[in-house]
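Spelled out from the first residue to the last, the chains are:
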Amino acid sequence: MARLPILVAPDPRLKQKAAAVGAVDDALRALMDDMLETMYAAPGIGLAAPQVGVLKRVLVIDIARDDEPKAPLRMVDPEIIGASDEDCVYEEGCLSVPEHYADVTRPAWVTVAYLDESGRRREQTFDGLLATVVQHEMDHLDGILFIDHLSSLKRNMILRKLLKSREKKA
Ligand code: NI
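Calculation notes
- Residues numbered from 1 in each chain as written.
- Predicted model: local features only at pLDDT ≥ 70, side-chain atom pairs only at ≥ 80, totals over all residues.
- Heavy atoms only, no water.
- Donors = N, O, S within 2.8 Å, 3.2 Å for Na, K, Ca; no water.
- Helix = DSSP H or I, 4+ residues; strand = E, 2+ residues; numbered from the N terminus.
- Buried < 20%, exposed > 50% of the residue type's maximum accessible area, 1.4 Å probe, protein only.
- Salt bridge = Lys/Arg side-chain N within 4 Å of Asp/Glu carboxyl O.
- Pairing = 2+ DSSP bridges.
- Polar contact = N/O pair within 3.5 Å; in protein donor to acceptor, adjacent residues only side chain to side chain.
- Contact = heavy atoms within 4.5 Å.
- Axes fitted to C-alpha atoms, helices over the stretch in contact; angles between N-to-C directions.

Considering the coordination of the nickel ion
Move 1: Around the nickel ion, the donor atoms from the protein are Cys94 (SG), His136 (NE2) and His140 (NE2), and they sit 2.1 to 2.2 Å away.
Move 2: Read N to C, the donor residues that coordinate the nickel ion are spaced as C-x41-H-x3-H. Taken together, the residues span about one helical turn, with His136 and His140 both in helix α2 (residues 128–141) at a distance of 4 residues.
Move 3: Given a relative accessible area of 5%, His136 falls into the buried group.

In structure tokens:
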């Protein structure tokens, strides 16, 4: 297991569409384990492969709190096959958009088809926080960040601040 460096916006690699995986092998399982270790260490509740520079349709999620047992989800080639008409608003953040948070409106529940870590096809419906996290992470696979759901004014303000703090660190 290894911790991987997380890309921070604006980075062109975060804006690319990731490729379908097709089959789950040991290398992919190792990638998902590394992604989970990276996510737990950050700490975060979701991480998509493009955030660690791997353009594959892979994501990991765990919304369990510190006092709860770990409940990792590993998803390969996820696809939304159903969504509610009803919307939900959550304040979102992102490990690739550090220290910025904003309300994002998304369907309140989604049904997702995906391959699990053993390559088995699953269909699962997510609601509440999990629905938001799954949709947020799936957006990453298409090069979409949560700030892309905001007005261009808000988005550009956040991107400018991220660039500024990067310059300060450099
Ligand atoms: Ni994110």
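Some points on the pattern of salt bridges
Move 1: Tallied over the entire structure, the rule returns 15 salt bridges.
Move 2: The partner of Arg74 in a salt bridge is Glu117, with the nearest N and O atoms 3.9 Å apart. Taken together, the residues Arg74 in strand β3 (residues 73–83) and Glu117 in the loop between β6 (109–115) and β7 (121–127) connect sequence positions 43 residues apart.
Move 3: We classify Arg74 as buried; its relative accessible area is 17%.

What to know about the pairing of β6
Every other side chain in a regular strand lies on the same face of the sheet, so the side chains alternate between the two faces.
Move 1: Buried residues dominate β6, accounting for 6 of its 7 residues.
Move 2: Pairing geometry for β3 and β6, over 5 bridges, is antiparallel. Looking across to β6, one finds that Gly82 is bridged to Thr111.
Move 3: Examined bridge by bridge, β6 and β7 share 7 bridges and lie antiparallel to one another. Across the sheet, the residue bridging to Val112 is Gln124, located in β7.
Move 4: In this structure, the hairpin formed by β6 and β7 is closed by a connection of 5 residues, where Gly119 is found at a positive phi of approximately 85°.

Focus: the side chain of Gln51
Move 1: With respect to the helices, strands and loops of the structure, Gln51 is situated in the loop between β1 (46–48) and β2 (58–61).
Move 2: A polar side-chain atom of Gln51 sits 2.8 Å from the main-chain amide nitrogen of Ala48.
Move 3: Apart from the residues lying within four places of it in its own chain, the contact partners of Gln51 are Pro5, Ile6, Leu7, Leu14, Gly46, Cys94, Leu95, Ser96, Glu137 and His140.

Remarks on the sheet that holds β6
Move 1: Pairing within the open sheet is antiparallel, and its 5 strands lie in the order β1-β2-β3-β6-β7. Each edge of the open sheet carries a strand with a single partner, namely β1 and β7. On average, each strand axis in the sheet is tilted by 40° relative to the strand beside it, whichever way the strands run.
Move 2: Sitting on the sheet, helix α1 (residues 26–41) is in contact with β1, β2 and β3, with an inclination near 40° to β2.
Move 3: The sheet contacts of α2 involve β1, β2, β3, β6 and β7, and relative to β2 the element is tilted by about 155°.

Comments concerning α2
Move 1: α2 sits mainly inside the fold: 11 of its 14 residues count as buried.
Move 2: Listed in full, the buried residues belonging to α2 are Ala131, Thr132, Val133, Val134, Gln135, His136, Glu137, Met138, Asp139, His140 and Leu141.
Move 3: Within two residues after α2, Gly143 carries a phi angle of roughly 75°, on the positive side.

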